[in-house]
Amino acid sequence: MKNKLGILIRLLLPYIAIGISVLVYYGVSDTGKQKKMDHPYYLYFIGLIGLYILIGIIIGLFKKERLKKVVYKAPFYTGVIVFLLLLNFVTSKTLWLPILYFPSLDRIIGLIVEQRVFLFNNIVDSLKLLITGFLWGASVGFLTGLALGYFKKVGYWLNPVTKAIGPIPTTAWIPLALSTFPTTHSANVFLIAFAVWFPVTLMTSSGIQSINNVNFEVSRTLGASTFYQIVHVAIPAAMPSIFLGAFYGTVSSFATLMAVEMNGNSSGIGWYINWQKSVMMYDGVYAGLILIAAICSLTLTLLFKVRDKVLVWQKGVIKW
Amino acid sequence: MVGELKIDNVHKRFKNTDPYKDDVIALGGLSLDIKPGSFVSLIGPSGCGKSTLLRIIGGLDKATEGHVYIDGNDIKKPGSDRGFAFQGSNLFPWLTVEKNIAFGLKARGIYKDHQKDVDEYIKLVGLEGFEKSYPHQLSGGMQQRASLARALVGHPAVLLLDEPLGALDAFTRMNLQDEILEIWKKHNMTMIMVTHDVDEAIYMSDQVVVMSARPSKVEEIIDIDLPRPRARAQDTFGVYRTKILDVLNLGGKIDEIEYYL
């Protein structure tokens, strides 16, 4: 940190961008075709970005590490603000894009704020479904993977079955599941669980099979029973692979969640997006997409945080 | 004194996975008596079944024919009377040094009563301060030390060493040879070591057992009558070396001999 002026300029960049955004927002007249909102929500949002950076700078005055991070990230935040500025300009100050499909930022952000209770309830419904399905799929997948990987006979009989039904896209099961399960909810849970089950099973069993046999021999010479060996050698040694399976499973559970919510569900973020589309409210569609992106990203971050805790003995393989 | 081994006419045949090829006969009726508390090296041409013999003693493989007795008991599976140090360190990468060493005690359910042993062996192999380190944070020599401590902490009467120092550089290797000898002397245990290094065998052993090529038997047992502690640069070493190499060359039908001069 030699060049103090350079740092100062980097930290000022986002604020300059915010200043220009405000000038354009009030200085250039709207087309007037977009629905007018009660508040300048778009400006509130970039204000929040500015506030976030400011907090970072204030903490950074005391913690050098944090300051370095803020200085490093400042151009990126500036880029985000400039991108939003361009987007806002095109959607609310010009008629270059069809208004129906490209609502102004004020409308999208405003909708999230004004319908927050309703959206929140839908998020809760989605998460309930996602978590229930994930837990079922991951635990059953873990157990099947363990049995397939560790016991050769189980693998002989059941591997072909797994290989036959596992790769079927989950969405292809939707018609069958909806007609055979007693309730839509249980069918949905099954479908999400299925999406998680296959990658977890596959990665658990292949993780166990690729363990160097010497690990098991060492543990045998040290007096470990079969059960002890499974718990204390097979599972920890396969853990990196199991986490990879959970990662793939999580990603495919999102896809399945959207598919089932858009097919016959009556709540949830996927249902919300579909509903908004059908009534031609594209600001709602965008709001739903933004929320989905946030949820998926947060879930994966959480998963990787857990992995880093569990696998401290290993150096990171996949960065998130 | 415990740690006596009697190897009685042991055969080992490996089924060939290709049904049109003959089975591989690794050991062809090998007999050997090992006195309690002695240090014995197994040396022989590549693929002659040294490691197989060690694995049978360890209870990891079963003899096709014949028996191995430890203090009069027929060996059928691994037991706490034998420790096994594998080629390379083979520490469990997900466990800290301390937990690696405690693994056997925990697996046998006797950890609570022997917790102190773990600290003792960490000290013995000079790994104080590294208790909480993971294997990837240690050097090759330190990993090997931890691995030795793991095999020793259950107080086995016999320690089986399968080329334990093969992957180490020369200096680390010599240091560890001395440390193993010190542990051997202090704990009065029987040690059986497979090695490719003739000098290592002479430096460390009471007896060097030279094995013949497949199907393998004992070709000759050479007693090393040198006082301990031994000096590495000794003229008498040369005499033993020549003798062992002579026997190895007489082992017959050898395509490649693995030893270091």
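Residue positions are given per chain, counted from 1 along the sequence in the order it is written. Written order decides the labels, with chains lettered from A and ligands numbered from 1. Two thresholds apply to this predicted model, a pLDDT of at least 70 for residue-level local features and 80 or more for giving and counting side-chain atom pairs, whereas whole-chain, interface and lining totals are computed over all residues.

Peer 1: Please set out the overall build of chain A residue by residue, giving values where relevant.
Peer 2: A tally of helices and strands in chain A yields twelve helices and zero strands. Put simply, DSSP H or I for four residues or longer makes a helix, DSSP E for two residues or longer makes a strand, and each gets a number counted from the N terminus. Across chain A, helices and strands are ordered from the amino to the carboxyl terminus as α-α-α-α-α-α-α-α-α-α-α-α. Its C-alpha atoms give chain A a radius of gyration of 25 Å, clearly above 20 Å, the size a compact globule of 320 residues would have. With the principal axes as the frame, chain A shows a C-alpha extent of 75 × 60 × 30 Å. In this description, a residue-residue contact is defined by the distance between C-beta atoms placed from the backbone, which must lie within 7 Å. Within chain A, contacts between residues separated by at least 24 positions form 74% of all contacts whose residues are at least 6 apart in sequence. C-alpha atoms define the radius of gyration, and 2.2 Å times the number of residues to the power 0.38 defines the globule rule.

Peer 1: Can you explain the interface of chain B and chain A? Please cite residues and give values.
Peer 2: Interface size is commonly expressed as the accessible surface area that is lost when the partners come together. At the interface, 15 residues of chain B touch 14 residues of chain A. The biggest single contributor to the side of chain B that touches chain A is helix α2 (residues 97-107) of chain B, with three residues. Charged residues are taken to be Asp, Glu, Lys and Arg, nonpolar residues to be Ala, Val, Leu, Ile, Met, Phe, Trp, Tyr, Cys and Pro, and polar residues to be all remaining types, Gly included. Here the residues of the side of chain B that touches chain A are counted per class, giving ten nonpolar, four polar and one charged.

Peer 1: Go over the nonpolar core with me, naming the residues and quoting the values.
Peer 2: In plain words, the nonpolar core is the set of buried Ala, Val, Leu, Ile, Met, Phe, Trp, Tyr and Cys residues that C-beta atoms within 7 Å link up. Three exposure classes are used, based on other C-beta atoms lying within 10 Å of a residue's own C-beta, which is placed from the backbone: buried for 20 or more, exposed for 12 or fewer, and partly exposed in between. Ranked by size, the top nonpolar core spans 105 residues in total, and within it Ile192(A), Ile57(B), Ile101(B), Ala149(B), Leu159(B), Leu160(B) and Ile192(B) carry the most contacts. In terms of residue count, the dominant contributor to this core is helix α8 (residues 184-209) of chain A (15 residues). For Ile57(B), the residues in contact, after removing those within four places along its chain, are Leu5(B), Val68(B), Ile75(B), Arg82(B), Leu160(B) and Ile192(B). Within the second largest apolar cluster, 21 residues are counted, among which are Ile53(A), Leu111(A), Ile269(A) and Tyr286(A).

Peer 1: Run through the pairing of strand β1 (residues 5-14) of chain B, naming residues and quoting values.
Peer 2: Being paired, for any two strands, means DSSP has found at least two bridges between them. Direction of pairing for β1(B) relative to strand β2 (residues 24-34) of chain B: antiparallel, over a ladder of eight bridges. The residue of β2(B) that forms the bridge with Lys6(B) is Asp33(B).

Peer 1: So what's going on with the domain arrangement of chain A? Residues and values would help.
Peer 2: Domain annotation for chain A reports domain 1 (4-99) and domain 2 (116-310). Here the bounds of each domain stem from an automatic or database domain assignment. Placing the centre of domain 1 of chain A and that of domain 2 of chain A at their C-alpha centroids yields a distance of 37 Å.

Peer 1: I'd like a rundown of the packing of helix α1 (residues 4-27) of chain A against helix α2 (residues 41-62) of chain A, residues and numbers included.
Peer 2: All names here are of chain A. Remark: α1 packs on α2, axes separated minimally by 10 Å, with the N-to-C direction vectors making an angle of 165°. Between α1 and α2, the angle is such that the two are roughly antiparallel. Here α1 and α2 pass one another in a crossing that is left-handed. Across from Leu 11, Pro 14, Tyr 15, Ile 18, Ser 21, Val 22 and Tyr 25 in α1, the residues of α2 making contact are Leu 43, Ile 46, Gly 50, Ile 53 and Ile 57. Looking at side-chain class alone, the contact of α1 with α2 contains ten nonpolar, two polar and no charged residues. To get an axis, a line is fitted to the C-alpha atoms, and for a helix only the part in contact is used. The angle between two axes follows their N-to-C directions and goes from 0 to 180 degrees. Oblique is the label for any angle not covered by the other classes, which are roughly parallel (under 35 degrees), roughly antiparallel (over 145) and roughly perpendicular (65 to 115). What makes a crossing left-handed is the near helix being turned counterclockwise from the far one by less than a right angle; a clockwise turn instead makes it right-handed.

Peer 1: Go over the pairing of strand β7 (residues 158-162) of chain B, please, and point to the residues and values.
Peer 2: Residue and element names in this part refer to chain B. β7 sits mainly inside the fold: five of its five residues count as buried. Here β7 shows two buried faces, one formed by Val 158, Leu 160 and Asp 162 and the other by Leu 159 and Leu 161. Here strand β6 (residues 82-85) pairs with β7 via four bridges, running parallel. By the bridge assignment for β7, Ala 85 is matched with Leu 161. Both β7 and strand β8 (residues 190-194) contribute to a ladder of five bridges, which runs parallel. Note on β8: the bridge partner recorded for Asp 162 is Val 194. After leaving β7, the chain enters helix α5 (residues 170-187) and then returns to the sheet as β8, a path that is right-handed. Assignment of crossover handedness uses the view with strands pointing away from the viewer, where a clockwise path from the first strand over the helix to the second indicates a right-handed crossover.

Peer 1: Explain the packing of helix α5 (residues 116-150) of chain A against α8(A) to me, using residue names and the numbers behind them.
Peer 2: Residue and element names in this part refer to chain A. At a minimum axis separation of 6 Å, α5 and α8 run at an interaxial angle of 30°. It follows from the interaxial angle that α5 and α8 lie roughly parallel. By crossing handedness, the relation of α5 to α8 is classed as right-handed. Of the residues contributing to the contact of α5 with α8, the split by class is 20 nonpolar, 13 polar and no charged.

Peer 1: Break down the confidence of the model for chain B for me, with residues and values.
Peer 2: Residue and element names in this part refer to chain B. Within chain B, residue pLDDT values average 86, and 95% of them lie at 70 or more. Values of pLDDT, the confidence the predictor places in each residue, fall between 0 and 100. Across chain B, element-level confidence peaks in β8 with a mean pLDDT of 94 and bottoms out in helix α7 (residues 235-250) with 81. Scoring of the predicted complex yields 0.83 for pTM and 0.86 for ipTM.

Peer 1: Which residues make up the environment of Ile46(A), and what values do they have?
Peer 2: All names here are of chain A. Residue position: Ile 46 is located in helix α2. Given 24 C-beta atoms within a 10 Å radius, Ile 46 is considered buried. Measuring from C-alpha to C-alpha, the distance between Ile 46 and Leu 86 comes to 13 Å, with 40 residues separating the pair along the chain. Contacts of Ile 46, omitting those with residues within four sequence positions, involve Ile 18, Ser 21, Ile 81 and Leu 84.

Peer 1: How would you sum up the sheet that holds β2(B)? Please name residues and give values.
Peer 2: Across the sheet, which stays open at both edges, the four strands sit in the order β2-β1-β4-β5 (chain B) with antiparallel pairing between neighbours. Each edge of the open sheet carries a strand with a single partner, namely β2 and β5 (73-74) of chain B.

Peer 1: Could you give me a rundown of the environment of Leu178(A), with the residues and numbers involved?
Peer 2: Residue and element names in this part refer to chain A. Position of Leu 178 relative to the elements: it lies in helix α7 (residues 174-180). Judged by local crowding, Leu 178 falls into the partly exposed class, with 17 C-beta atoms found within 10 Å. Along the chain, Leu 178 and Val 260 lie 82 residues apart, while their C-alpha atoms are 9.6 Å from each other. With residues near it in sequence (within four places) discarded, Leu 178 still touches Thr 184, Ala 187 and Gly 264.

Peer 1: An account of unusual backbone geometry is requested, with residue identities and associated values reported.
Peer 2: Residue and element names in this part refer to chain B. Pro 215 follows Arg 214 through a cis peptide bond whose omega is -15°. The residue Pro 215 is located in the loop between β9 (207-211) and β10 (218-223) in this model. For the bond running from Arg 228 to Pro 229, omega is -5°, close enough to zero to count as cis. Tracing the backbone through its elements, the reader meets Pro 229 in the loop between β10 and α7. Positive phi values are uncommon outside glycine, yet Asp 71 reaches one of about 45°. With respect to the helices and strands, the residue Asp 71 is situated in the loop between β4 (65-70) and β5. Positive phi values are uncommon outside glycine, yet Asn 188 reaches one of about 55°. Topologically, Asn 188 is positioned in the loop between α5 and β8.

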